[in-house]
Every structure is written in C-alpha cells, then in structure tokens.
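Observations on the model geometry
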Number of protein chains: 2
Amino acid sequence: MSDVSDVSEESLARETASQAIAREVIALTRRARAAAAQLHPELSLVTHTILTHVSDQRGCNATDLAAHYMLDKSTVSRQVSALLRMGLLARRPDPRDHRAQILEVTEAGYSALAAAARSRQAMFDDRLGDWGTSDLVRFAAYLERYNRTLPRGGRPAAGDTVA
Amino acid sequence: MSDVSDVSEESLARETASQAIAREVIALTRRARAAAAQLHPELSLVTHTILTHVSDQRGCNATDLAAHYMLDKSTVSRQVSALLRMGLLARRPDPRDHRAQILEVTEAGYSALAAAARSRQAMFDDRLGDWGTSDLVRFAAYLERYNRTLPRGGRPAAGDTVA
DNA sequence: ACATTCTGTTGTATCATACAACTAGATGGT
DNA sequence: ACCATCTAGTTGTATGATACAACAGAATGT
C-alpha cells in the first residue's frame, strides 16, 4: 500500500465520499417538507424556523430574518403576520428606528416551540435509538462542522446548503 | 471512570448529541430550496431528484417515485410531465401491466444530470475541501446510515426526515 | 431641504403540493 | 366468465410558500 496508486486511491475515496455526501444531503432535504408537515401540522418548517430564530436572538426584526434565511422580505412579512395572528409572536416598535418592529416570542410561542421540540426529539430519538453513543456524538460533530462551512455572514450566494 | 455517574454521563451525551443532530438536520434543510434554485436553475430539486432516482433504478414507474419521496402521485405525474416535455425523460408502456409506464432517462437527461452533478460537486468540494479524507468517508457513512433508517417500506408516517 | 436609502406591507404571479374525482387496466372470488 | 375491487396514472381545484414590483413611512446624508 505504498506504491504509486496511493494517490489515485486517495482521490477516488475523496470523490466517492463527497459524491455520497452530496447525494445523501439531497435525499435528506427532499423529504423534509412532508415530514415536517406531518410532525407538527400547525407549525410549518418556515414558521418554526422563524420562531426559533427570534427566540435565539432574543428579539429581532423582519429584515434580519429575511437575510438569514435567504427569503424575500415579503415572504417573511406574511409568515410573521401569521405568527402574530396565532399569538406566537408579538411585536413592538423599535424606539431607535420607527420604521422597524422588534419581534418577540410570546409565552404561547415558547410553549409551541417546546411542544414541537418534544415531538421532534421523540422522532429523532426513535430513529437514532440503535446508534451507539460514540457514533451519535461523531455524527453530530460532522453535521455541525458541515453546517458551519455555510457562507453565513456574506451573501448566501449560489449553492448554499443543498444542490 | 467507573463509578455510578457513568450511566448519567452516557445518557447525557446521547441526549446532547441527538439534540444536536436534530438541530443540525433542520438547519441543513432550511436553506435548501433557495440554494438549489440558484445552483441549477433549470433543474429544480424535485425534478433533479426524480431524474436521479430513475437513473439509479435504471427505469421505474411513477408510483415508485411517489412512494420513495413521500409525494402525491399527482405531483409526481406533473413533474414527470415536465421532464418529458423537456426531453430529459422518456416513457414506454410496461409490457406486463398496461396501466403502468416505465420511465427512462434520455441522453439529454443524462447530460443534464451530469452537468448538474458537476456544478453541485464543485460546490460540495469547495465546502469539503479542507476535510480529511477519512472524515469525508465517515461523514458519508453516517449520512447513509441515517437516511437508511427512514421508514421506507411502511407508510412514511409522522416525522420522517426532519422536524 | 431634498434626494436617497431602508423597513415593512400589499398586489400579483408562479410553482410545488395535496386531495378528490376520474379513466383504464389488472386481479380475485364465486 | 363476471363482477367487485384494487391499482396506475391523469386532470381539476385549492392552498401555501415564494419572488418580484410598487408602494408608504421613516431615517440619513449632503
């Protein structure tokens, strides 16, 4: 195992693995919508995401959300409206800038988020039940590493997460 | 490292890891649509997926596709129609069952797939460029394992991939 | 002060999707 | 052989998420 073919074996392995990653990430993505809809019918993937982000940020405005998720501001505006109607989000004018609105998660919003987290976690636990702990830890680390390579700060650009 | 706290440490590690996996899988999913649209504008995520599946299966019918991707048959029907119109897919009647149609990827379809694969791979390679080969291989294996835990046979059920 | 820029809303179009109704072909029981 | 039932796929229709464009109101810079 130390002849000339090492180089090509190495690059073949890389190529195979990275193709597999591409394929599997796509597969993962493809089924997400239906699954999410089934798991918590009243909290769509988008609204759930928005709620989580506002919660994590301890309040933010619509423009932040749009930038972060590569969504048009009109889309965010409508999704936020829905969350306001549902009482899961509240807003108050930004004292520093009267154009902007500061969004905050309500008590009901936190409850909904907690409920969603529980059922989601139950599902993941079910799927990951027969994994060894060390595999779980390593897989989590890889996913984190992978996601951290996202062009987060700059413009999301072509080819963000999936392909 | 062999006292009573081992048990709780172990379960804590499991819980932390599985929460991280849940979180990261969701993060992965969120940005997918916009990214996919940008990466290859003429081949949407769905049509790309369908094309790939047909190619992998070396011919299959619409029902298989619907089951595999948790899509309604009407959705698949329309997406397949689009691919037929684009000339990327062809179909012929199944000799064994005159209700069914056997779908096959055309030459143009393979070209489109190859082109998409190139740009996609370029993006992934860019993101995975500083990963060691063994990490790539392990990550790919974990993703495959994770995706294989899908409730493939039975009804897709609540909570398939993401949450 | 006025032009420009920014936040957010609303109008409109598109697209993927689901559900329901339907057609045509297959299958099984009597 | 016949009818009931099941299955593959298409089409009609509605919904929901999205983008783009036009806009209003507020902030900012020259």
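What you are looking at is a predicted structure, and each value in this text was computed from that prediction instead of being measured.

Calculation notes
Per chain, residue numbering runs from 1 following the sequence as it is written. Here the convention is simple: chains get letters from A, ligands get numbers from 1, in the order in which they are written. Note on the predicted model: pLDDT of at least 70 is required for a residue's local features to be given, and 80 or more for side-chain atom pairs to be given and counted; whole-chain, interface and lining totals, by contrast, use all residues. For side-chain calculations, the full set of non-hydrogen atoms in the structure is used, while hydrogens and water are omitted. Whether a residue is near a molecule or strand depends on its heavy atoms: if one lies within 4 Å, it is near. What qualifies as a polar contact is a pair of N or O atoms within 3.5 Å, subject to a donor-acceptor requirement within protein and to the restriction that residues adjacent in sequence count only when both atoms come from side chains. Counting from the N terminus, the helices are DSSP H or I runs at least four residues long and the strands are E runs at least two residues long. Each residue gets one label: Ala, Val, Leu, Ile, Met, Phe, Trp, Tyr, Cys and Pro are nonpolar, Asp, Glu, Lys and Arg are charged, and the others, such as Gly, are polar. A side-chain nitrogen of Lys or Arg and a carboxyl oxygen of Asp or Glu constitute a salt bridge if their distance falls within 4 Å. Buried residues are those whose accessible area, probed at 1.4 Å on protein chains only, stays under 20% of the maximum for their type, while exposed residues exceed 50% and partly exposed ones sit between those limits. Residue-level confidence of the predictor is what pLDDT reports, using numbers from 0 through 100. Residue contacts follow a heavy-atom distance rule, with two residues in contact if any of their heavy atoms lie within 4.5 Å. We call a set of buried Ala, Val, Leu, Ile, Met, Phe, Trp, Tyr and Cys residues a nonpolar core when their side-chain atoms join them within 4.5 Å. Here the axes come from fitting lines to C-alpha atoms, over the contacting stretch only for helices, and the angles between their N-to-C directions go from 0 to 180 degrees. Under this scheme an angle from 65 to 115 degrees is roughly perpendicular, one under 35 degrees roughly parallel, and one over 145 degrees roughly antiparallel; angles in between are oblique. Note on convention: the crossing is left-handed when the near helix lies turned anticlockwise from the far helix by less than a right angle, right-handed when the turn is clockwise.

Section: the protein's contact with DNA strand D
Of all residues adjacent to DNA strand D, which total 23 residues, the nearest are Ser74 of chain A together with Thr63, Lys73, Arg78 and Arg91 of chain B. Close to the protein, within 4 Å, the atoms of DNA strand D belong to sugar or phosphate groups at a rate of 59%. Between arginine 99 of chain B and DNA strand D, the recorded distance is 2.6 Å, taken from a side-chain N or O atom to a base oxygen. Looking at the surface near DNA strand D, the elements that each hand over two or more residues are α5 (73-86) and β2 (97-105) of chain A together with α4 (62-69), α5 (73-86) and β2 (97-105) of chain B. Looking at the surface near DNA strand D, its residues break down into 5 nonpolar, 10 polar and 8 charged.

With respect to the pattern of salt bridges
A complete count under the given rule lists 8 salt bridges over all chains for this structure. Where arginine 99 of chain A meets aspartate 97 of chain A, a salt bridge forms, and the shortest distance between an N and an O atom there is 2.7 Å. Owing to a relative accessible area of 73%, arginine 99 of chain A belongs among the exposed residues under this scheme. Among the charged side chains, a salt-bridge network with shared partners connects Asp135 and Arg138 of chain A together with Arg145 of chain B.

Some words on the confidence of the model for chain A
Put simply, chain A has an average pLDDT of 81, and 85% of its residues get 70 or more. Throughout residues 151-163 of chain A the model reports pLDDT below 50, and contacts reaching past four residues in sequence, or to other chains, amount to 43 contacts.

A look at the nonpolar core
Counting 32 residues, the largest nonpolar core has Ile21 and Phe139 of chain A together with Ile21 and Phe139 of chain B as the members making the most contacts within it. Dropping the residues within four chain positions of it, isoleucine 21 of chain B is found in contact with Phe124, Leu128, Leu136, Phe139, Ala140 and Leu143 of chain A. Among the nonpolar cores identified, the runner-up in size contains 19 residues, and Val54, Ala66, Val105 and Ala116 of chain B belong to it.

So, the packing of helix α3 (residues 45-57) of chain B against helix α6 (residues 107-128) of chain B
Residues and elements named next belong to chain B. Two elements in contact, α3 and α6, have axes separated by 11 Å at closest approach and are oriented at 115°. In terms of orientation, α3 and α6 fall into the roughly perpendicular class. Both α3 and α6 take part in a crossing whose hand is left-handed. Contact residues: His48, Leu51, Thr52 and Ser55 in α3; Gly109, Tyr110, Leu113, Ala116 and Arg120 in α6. Class assignment of the residues belonging to the contact of α3 with α6 gives a composition of 4 nonpolar, 4 polar and 1 charged.

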